[in-house]
Amino acid sequence: MQFTTGKPEMAQPETAKADVDKLRTNEKKWTKALMATGWSAFPNIIIEKQQALGLDALDMNIIIHLVQYWWLPDNLPHPSVETIAKSIGVTPRTIQKRIAALEALKLLGREERRNTPNGSMTNRYHFDGLIEAARPFALEKAAEIKKAAQERSDRLKRKKPQLVVDNDA
């Protein structure tokens, strides 16, 4: 899974053109002004299956907020609880409780960073559990998409009459 800030200049050379094309497509939908502030990729299956995954609206909001800070696979997001709470409009304690609940469901992982003598740094969060929980839904959806594409292809083949050239005539 890869998330991006939507800044094509940070992309690898082989994917730069694809990223630029995605950005242009998104600019057509959301406007250049909005896209210039950054954007995040997020799997649709998690949105579609949020109830089946045990996520409520606040959980999804927290996850989306964390995702906007996940730019590179090996640099886990680490916004403060206060930052998330302020953005969403709830108390920091509410965020702490919901993150603890997401951890209990094994959907979100939290790495505490207590390596300073004067306190702690912000936690790092990972989505390994959420990714693993969503994987069966994604595989099922991918199979449905493949089956629908095959049915569509078969249907089109049946509708097209075969052209037969009679060389003996």
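These numbers were taken from a predicted model, which means no experiment stands behind them. (Residues numbered from 1 in each chain as written. Predicted model: local features only at pLDDT ≥ 70, side-chain atom pairs only at ≥ 80, totals over all residues. Heavy atoms only, no water.)

1. Structural notes on the overall build of the protein chain
- Per the secondary structure count, the protein chain includes seven helices and two strands.
- Each helix and strand of the protein chain, placed in order from N terminus to C terminus, yields the pattern α-α-α-α-α-α-β-β-α.
- For the protein chain, with 169 residues in total, the buried portion stands at 26%.
- By sequence separation, contacts in the protein chain at least 24 residues apart represent 54% of the contacts at least 6 residues apart.
- In the structure as shown, the protein chain presents an accessible area of about 12000 Å², 54% of it carried by carbon and sulfur atoms. (Helix = DSSP H or I, 4+ residues; strand = E, 2+ residues; numbered from the N terminus. Buried < 20%, exposed > 50% of the residue type's maximum accessible area, 1.4 Å probe, protein only. Contact = heavy atoms within 4.5 Å. Areas by Shrake-Rupley, 256 points an atom, 1.4 Å probe, with all protein chains shown as cover.)

2. Considerations on the pattern of salt bridges
- Taken as a whole, this structure holds eight salt bridges when the rule is applied.
- Between Lys 141 and Glu 48 there is a salt bridge; the shortest N-O distance is 2.9 Å. Of this pair, Lys 141 sits in helix α7 (residues 128–159) while Glu 48 sits in helix α3 (residues 44–48), placing them 93 residues apart in sequence.
- Lys 141 gets classed as partly exposed once you look at its relative accessible area, which sits at 30%.
- Assessed through its relative accessible area of 45%, Glu 48 is described here as partly exposed.
- Of the charged contacts in the structure, one is a salt bridge between Arg 110 and Glu 112, with a shortest N-O distance of 3.3 Å.
- Look at Glu 112 and you get partly exposed, because its relative accessible area is 44%.
- Bridged by salt links that share partners, the residues Asp 56, Asp 59 and Arg 98 form one connected network. (Salt bridge = Lys/Arg side-chain N within 4 Å of Asp/Glu carboxyl O.)

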